[in-house]
Amino acid sequence: MWMYYRLMGITMSTDNYHHEGTLFDNSPGIMKRIILTVALAAMSFVGAFAQDVLGKWKLEDGSAIVEVYKEGDHYNGRVVWLAEPTDPNGVPYKDAMNPDPKLQSREIMGLNMLHGLKKDGNKYDNGTIYDPNNGKTYFCSMKVDGDILKVHGSLDKKGWVGRTMDWYRVKE
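Residues numbered from 1 in each chain as written. Predicted model: local features only at pLDDT ≥ 70, side-chain atom pairs only at ≥ 80, totals over all residues. Heavy atoms only, no water.

(A) Structural detail: the side chain of Ser 154. With respect to the secondary-structure elements, Ser 154 resides in strand β9 (residues 148–154). A distance of 2.6 Å separates the side chain of Ser 154 from the backbone oxygen of Asp 156, its partner in a polar contact. Residues contacting Ser 154, with those up to four places away along its chain left out, are Tyr 138, Phe 139, Gly 159, Val 161 and Gly 162. (Helix = DSSP H or I, 4+ residues; strand = E, 2+ residues; numbered from the N terminus. Polar contact = N/O pair within 3.5 Å; in protein donor to acceptor, adjacent residues only side chain to side chain. Contact = heavy atoms within 4.5 Å.)

Structure, rendered in structure tokens:
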């Protein structure tokens, strides 16, 4: 117990405890440490709420997980998990609906389905999303809302004719 009192600047005497000064007297190093601790705590608090699009996201129907990654100044996304990666015969599903016959033999697993999204403030837009279920490519924009990624695919670049899907962040 005496060690605690010595660290706090309190000395023991025969009559009672007396304080040799305040916590900050003659201790500029303590003040610096406290300020640094508070600053670091504040930065980590703010960082906890930073909404980053990078990472893995599960589609709203649970059929796949797409990993969003950055390449240069663009954001893309590839399929990294499928609920059903193979047909009943154990053959991996292919991009059979693709209008380009040369691409119909590529596997869905590992397929890049998000292309060329650019960050614009708190959203990502001017990209495309490919739907392997019908072989069509749509204009795409996204926005992170906590642990939900709002992915909007549309027929027009303005996003008026389309739909928004919720993808859910995969915690690792």
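(B) Inspection of the pattern of salt bridges at higher detail. In this structure the tally under the stated criterion is 10 salt bridges. Here Lys 56 makes a salt bridge to Glu 172, at a shortest N to O gap of 3.6 Å. Of the two residues, Lys 56 is situated in strand β3 (residues 55–58) and Glu 172 in the segment after β10 (162–169); the sequence distance between them amounts to 116 residues. On the accessibility criterion, Lys 56 (25% relative accessible area) is partly exposed. On the basis of relative accessibility, which here comes to 79%, the residue Glu 172 falls in the exposed class. When the shortest N-O distance is used, the salt bridge between Asp 125 and Lys 123 registers 3.6 Å. (Salt bridge = Lys/Arg side-chain N within 4 Å of Asp/Glu carboxyl O. Buried < 20%, exposed > 50% of the residue type's maximum accessible area, 1.4 Å probe, protein only.)

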